[in-house]
Amino acid sequence: MSFFNRLSSGEFVVLVEMNTPKGVGAADFVTNARRIKGRVDAVVVPDMDNGVMRMSALAGGVLVQQQGSESILHIYCRDRNRMALQGDLLAAHALGLHNVLVVRGEEMSYADHREAKAVNDLDEPGLLGAIQSLQRGVDLAGIELSGTPHFTVGWGMKPCAAGEASDRELEAAEKAVGAGARYVITPPIYDVNHYAPFLERVRGLRVPIIATVFLLKSVGIARYIGQNEPGAHISEELIRRMRQAPDRDLECLRIAGETVANLKPLVQGVKIVTLGWEHRLPAILDHAGL
């Protein structure tokens with residue numbers, strides 16, 4: 001069953017995120033895609049996430065689908081103008097890639113090409129509008145297309161602290177749903193009980209909610225995220241558990257799997273992010289009982 005069909009039928013969906021290589025050596029990327037074939041519903045392929053120049057998501061999406069899994073492409077406005085965005089969307093459809101996730105790109109000040117200029121010809125609501133226009137068979141210049149593409153469109157929420165920032169993020173997600181987003185992906189969830197009220201509010205959008213589970217690979221990473229990511233809420237108890245474990249790597253995988261399992265009654269799916277530990281995805285799925 002396709003990702004869209006499982007999403008539409010209310011079944012629990014499992015996504016994983018895999019970055020493309022920084023270069024043309026795609027052997028590890030392909031091998032990791034093969035490892036999770038049949039165990040996940042789709043692979044999310046970021047497009048130069050965190051401002052790091054990599055092989056494009058379009059190529060990565062094709063490689064994923066050649067290994068027998070569906071792909072979901074990140075698409076955002078930082079790196080391309082409206083012509084390039086529309087052209088890439090048409091190319092994706094022609095190549096059999098029908099799932100896109102609209103996200104907001106990070107600032108170039110954190111990128112590996114800091115001299116690069118951000119484009120932002122469209123904003124994210126404008127990009128959603130462009131997708132809807134293409135699906136009506138007309139480009140943003142009002143010119144009729146030869147053939148009409150169709151996409152399953154999602155919206156990615158940014159990490160946010162509680163209070164006004166959370167309200168603004170929910171408002172942005174609500175507007176995205178009104179502009180055609182069929183599902184919403186949350187920021188990383190580290191403490192399920194703490195985030196339960198937030199998830200309840202997001203469910204008010206009345207579209208499938210997919211929660212992000214970020215693999216904490218070390219105590220240092222956990223502390224850094226806890227101190228620098230808005231609203232992360234990583235408890236000292238969790239950090240103590242990681243630090244005291246006889247096998248810290250195994251404990252990190254177990255924690256990610258437990259988080260997935262605990263989220264299952266609260267959302268319609270999860271997206272697992274490992275940032276370099278894609279080879280450990282099968283182990284996380286095992287610990288989650290998936």
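Each chain carries its own residue numbering, running from 1 in the written order of its sequence. At least 70 in pLDDT is required for a residue's local features to be given in this predicted model, at least 80 for side-chain atom pairs to be given and counted, and no such filter applies to totals for whole chains, interfaces and linings, which use all residues. Just so you know, side-chain values use all the structure's heavy atoms and leave hydrogens and water out.

Peer 1: Got a sec to walk through the packing of helix H4 (residues 82–94) against helix H5 (residues 124–135)? Specific residues and values, please.
Peer 2: At a minimum axis separation of 11 Å, H4 and H5 run at an interaxial angle of 50°. Of the possible angle classes, the one that applies to H4 and H5 is oblique. H5 is crossed by H4, and the crossing has right-handed handedness. Residues Leu-85, Gln-86, Leu-89 and Leu-90 of H4 form the contact with H5, whose own contacting residues are Leu-127, Ile-131 and Leu-134. In terms of residue class, the contact of H4 with H5 is made up of six nonpolar, one polar and no charged. Axis definition: a line fit to C-alpha positions, over the contact stretch in the case of helices; interaxial angles, taken between N-to-C directions, run 0 to 180 degrees. We count a stretch as a helix when DSSP gives it H or I for four or more residues in a row; a strand needs E for two or more, and each element gets its number in order from the N terminus. For this classification, under 35 degrees means roughly parallel, over 145 means roughly antiparallel, 65 to 115 means roughly perpendicular, and everything else is oblique. By the definition used in this description, the sense in which the near helix is turned from the far one sets the handedness, with an anticlockwise turn below a right angle giving left-handed and a clockwise turn giving right-handed. Here a residue-residue contact requires only that any non-hydrogen atoms of the pair lie within 4.5 Å. Residue classes follow a fixed rule: Ala, Val, Leu, Ile, Met, Phe, Trp, Tyr, Cys and Pro count as nonpolar, while Asp, Glu, Lys and Arg count as charged, and any other residue, Gly among them, counts as polar.

Peer 1: How would you summarise the environment of Lys-217 if you had to cite specific residues and measurements?
Peer 2: Inspection of the secondary structure assignment puts Lys-217 in the loop between strand S7 (209–214) and helix H8 (219–228). Spatially, the C-alpha atom of Lys-217 lies 9.6 Å from that of Ala-256, the residues being 39 residues apart in sequence. When near neighbours in sequence (up to four residues on either side) are disregarded, Lys-217 contacts Asp-249, Cys-252, Thr-274, Leu-275, Gly-276 and Trp-277. A polar contact of 2.5 Å, which involves the side chain of Lys-217, links it to the backbone oxygen of Leu-275. Side-chain atoms alone can form a polar contact between residues adjacent in sequence; in general such a contact is a pair of N or O atoms within 3.5 Å, and within protein one must be able to donate a hydrogen while the other accepts it.

Peer 1: Let's hear about the pairing of strand S3 (residues 71–75): which residues, and what values?
Peer 2: With a 1.4 Å probe rolled over the protein chains alone, any residue whose accessible area is under 20% of its type maximum counts as buried; one over 50% counts as exposed, and the rest are partly exposed. Within S3, five of the five residues are buried, which leaves it mostly tucked inside the rest of the structure. Residues Ser-71, Leu-73 and Ile-75 of S3 are buried on one face, and the alternating residues Ile-72 and His-74, pointing to the opposite face, are buried as well. Between any two strands, at least two bridges found by DSSP are needed for them to pair. Bridge count between strand S2 (residues 42–45) and S3: three bridges; the pairing is parallel. The residue bridging Val-45 from the neighbouring strand is Leu-73, located in S3. Running through helix H3 (residues 57–66), the crossover from S2 to the neighbouring parallel element S3 is right-handed. Relative to strand S4 (residues 99–102), S3 is paired through three bridges, and the arrangement is parallel. Throughout, right-handed denotes a crossover for which the path from the first strand over the helix to the second runs clockwise when the strands point away from the viewer.

Peer 1: An account of the sheet that holds S7 is needed here, citing residue identities and associated values.
Peer 2: Think of a sheet as strands paired side by side through backbone hydrogen bonds, with each pair either parallel or antiparallel. Ordered in space as S1-S2-S3-S4-S5-S6-S7-S8, the eight strands form a closed barrel in which the pairing is parallel. On average, each strand axis in the sheet is inclined to that of its neighbour by 25°, with strand direction left out of account. Sheet analysis places strand S1 (residues 13–17) next to strand S8 (residues 269–273), joined by five bridges and oriented parallel. The partner of Val-13 across the bridge, within S8, is Gly-269.

Peer 1: Break down the environment of Asn-99 for me, citing the residues and quoting the values.
Peer 2: Structurally, Asn-99 can be placed in strand S4. Its relative accessible area of 3% is what places Asn-99 among the buried residues. Among residues more than four places away in sequence, those in contact with Asn-99 are Phe-3, Glu-70, Ser-71, Ile-72, Leu-73 and Thr-152. Separated by 3.2 Å, the side chain of Asn-99 and the backbone oxygen of Ser-71 make a polar contact.

Peer 1: Go over the packing of helix H6 (residues 164–178) against helix H7 (residues 192–203) with me, naming the residues and quoting the values.
Peer 2: Relative to each other, H6 and H7 sit at 30°, their axes nearing to 10 Å. The orientation of H6 with respect to H7, classified from their angle, is roughly parallel. In the packing of H6 onto H7, the handedness of the crossing is right-handed. Residues Ser-166, Asp-167 and Leu-170 of H6 touch H7, and the partners they reach there are Phe-198, Arg-201 and Val-202. Classifying every residue of the contact of H6 with H7 gives three nonpolar, one polar and two charged.

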